[in-house]
Amino acid sequence: MKKLRVLLVDDEIMIREGFKRLFDWEAHDCEVVGEAADGMEALAQIDSLRPDIAIMDINIPIMNGLKVIQLSRIKHPDTAFVIVSGYDDFSYCREALRLQITDYILKPVNYEEFGGCIDNLKIALFQRQSFKDEEQQEERPINGITRYLQEHLAEDISLSVLADEFHLSAQYISQLFKNEIGVNFLAYLTNIRMEKAKKLLLSTSLSIAEVSEQSGYGDYRVFTKVFKKSEGITPSQYRRDFLDDVGKSKE
């Protein structure tokens, strides 16, 4: 997998230096290719560098980060944006969702959490490429494997199960995930299970135990533990926060 190119956008040089020095970009198959301290500079850098990922603060001079993202979407729809901000405000979060931001992380940055964000972003980029492959009728082994995972998400899935299903060695499949997606098998499986769980929590009235089972976790206590590690809150709190936000938007 090629290294993902990253642009850092923040008006505070210490924040940018922190990202460069305190986060292991190499371990996550990424490289920082540029920096910007204001909105106009960010637009110019996105045009010239065409980064795969832009790490964006909201409160930057000349033009705020959300406006930069809105304008950049027109010319560079494939660039992924991650907001890193000190604003924990519903209106900002709602606008970020409208602009299809990959993630919204609060300062001060927890770099372990940020690493999970980057891994999730790589999975999202892979899924986007898989969709393009399907449109072009191009089938790669990894596409068939990930499609199988989506179709059997509620079942007990392991590398050995995949090896039997696809007549490949477990070691080969494991390497496919690292080479093609940039994350290991378990990280990918956990990601798509959490995405499934979040959709069920927000779009159905299923109990936590039922959501757990449909997401591939037979024990809801294990599910709750994994969910909290992934999202920072419990499944019940995730659902409550969404309902509270919906209530605020109607006020």
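Please refer to the structure placed before this passage.
Just so we're clear, the structure is a prediction, and the values are computed from it rather than from any experiment.

Colleague: Teacher, can you tell me more about the packing of aromatic side chains here?
Modeller: Pairs of aromatic rings are described using the distance from one ring centre to the other and the angle between the two planes. Within the structure shown, the criterion is met by 13 aromatic pairs. Their ring planes at 75° and their centres at 4.8 Å tell us that Phe 23 and Trp 25 sit as a pair that is edge-to-face. By the burial criterion, Phe 23 is buried, and Trp 25 matches it. Between the aromatic rings of Phe 227 and Tyr 238, the centroid separation amounts to 5.5 Å while the plane-to-plane angle is 80°, which identifies the pairing as edge-to-face. Of this pair, Phe 227 sits in helix 11 (residues 220–231) while Tyr 238 sits in helix 12 (residues 235–249); the two residues are eleven residues apart in sequence, bridging distant segments of the chain. A residue is classified by how much of its surface remains accessible, and Phe 227, at 0% relative accessible area, is buried. Among the aromatic residues, ring-to-ring pairing joins Phe 19, Phe 23, Trp 25, Tyr 111 and Phe 114 into one connected group.

Colleague: Sorry if this is basic, but what is going on with the pairing of strand 4 (residues 80–85) here?
Modeller: Within a regular strand, the side chains alternate between the two sheet faces. Burial analysis of strand 4 places six of its six residues in the buried class, which makes it a mostly covered element. Burial along strand 4 is two-sided: Ala 80, Val 82 and Val 84 and Phe 81, Ile 83 and Ser 85, pointing in opposite directions, are all buried. The pairing of strand 3 (residues 53–56) with strand 4 spans four bridges and is classified as parallel. Directly across from Ile 53, in strand 4, lies its bridge partner Ala 80. Note that the unit made of strand 3, helix 3 (residues 65–75) and strand 4 has a crossover that is right-handed. Looking at chain direction, strand 4 and strand 5 (residues 103–106) are connected through four bridges and run parallel. The partner of Val 84 across the bridge, within strand 5, is Ile 105.

Colleague: How should a nonpolar patch on the surface be read in this particular structure?
Modeller: Taken together, the side chains of Leu 202, Phe 242 and Leu 243 define a hydrophobic patch exposed on the protein surface, amounting to about 250 Å² of accessible area. Its location among the elements puts Phe 242 in helix 12.

Colleague: Can you walk me through the sheet that holds strand 3 in this structure?
Modeller: For sheets, the rule is that strands pair by backbone hydrogen bonds, running either parallel or antiparallel. Across the sheet, five strands lie side by side as 2-1-3-4-5; this open sheet has parallel pairing. With one partner strand each, in any of the chains shown, strand 2 (30–36) and strand 5 form the two edges of the open sheet. Averaged over all neighbouring strand pairs, the angle between strand axes comes to 20°, with direction disregarded. Of the strand pairs in this sheet, strand 1 (residues 4–9) and strand 2 are connected by six bridges, and their pairing is parallel. If you follow Val 9 over to strand 2, its bridge partner there is Ala 36. Together, strand 1, strand 2 and strand 4 form the strand contacts of helix 2 (residues 39–49), whose direction differs from that of strand 2 by roughly 140°. In the packing of helix 3 onto the sheet, contacts are made with strand 3 and strand 4, and the angle to strand 4 comes to roughly 175°.

Colleague: Honestly, the pattern of salt bridges in this entry has me stumped. Any pointers?
Modeller: Should the charged atoms of two oppositely charged side chains come close, the side chains can pair. Summed over all chains, the structure comprises 15 salt bridges. Between Lys 3 and Glu 26 there is a salt bridge, with the nearest N and O atoms lying 2.6 Å from each other. Taken together, the residues span a long stretch of sequence, with Lys 3 in the segment before strand 1 and Glu 26 in the loop between helix 1 (13–22) and strand 2 at a distance of 23 residues. Residue Glu 26 is classed as exposed on the basis of its relative accessible area, which comes to 51%. Asp 119 is paired through a salt bridge with Lys 122; the nearest N and O atoms lie 3.5 Å apart. With Asp 119 and Lys 122 both in helix 5 (residues 111–135) and three residues apart, the pair spans about one turn of that helix. Overall, the relative accessible area of 22% leaves Asp 119 in the partly exposed class. Look at the salt bridges and you will find they share partners, linking Arg 16, Glu 17, Lys 20, Arg 21 and Glu 35 into a network.

Thresholds applied
- Residues numbered from 1 in each chain as written.
- Predicted model: local features only at pLDDT ≥ 70, side-chain atom pairs only at ≥ 80, totals over all residues.
- Heavy atoms only, no water.
- Phe/Tyr/Trp six-rings, centres within 6.5 Å; stacked < 30°, edge-to-face > 60°.
- Buried < 20%, exposed > 50% of the residue type's maximum accessible area, 1.4 Å probe, protein only.
- Helix = DSSP H or I, 4+ residues; strand = E, 2+ residues; numbered from the N terminus.
- Pairing = 2+ DSSP bridges.
- Right-handed = clockwise from strand over helix to strand, strands pointing away.
- Patch = residues over 30% accessible without salt bridge, like charges linked within 9 Å, V, L, I, M, F, W, Y side chains within 5 Å.
- Areas by Shrake-Rupley, 256 points an atom, 1.4 Å probe, with all protein chains shown as cover.
- Salt bridge = Lys/Arg side-chain N within 4 Å of Asp/Glu carboxyl O.
- Axes fitted to C-alpha atoms, helices over the stretch in contact; angles between N-to-C directions.
- Contact = heavy atoms within 4.5 Å.

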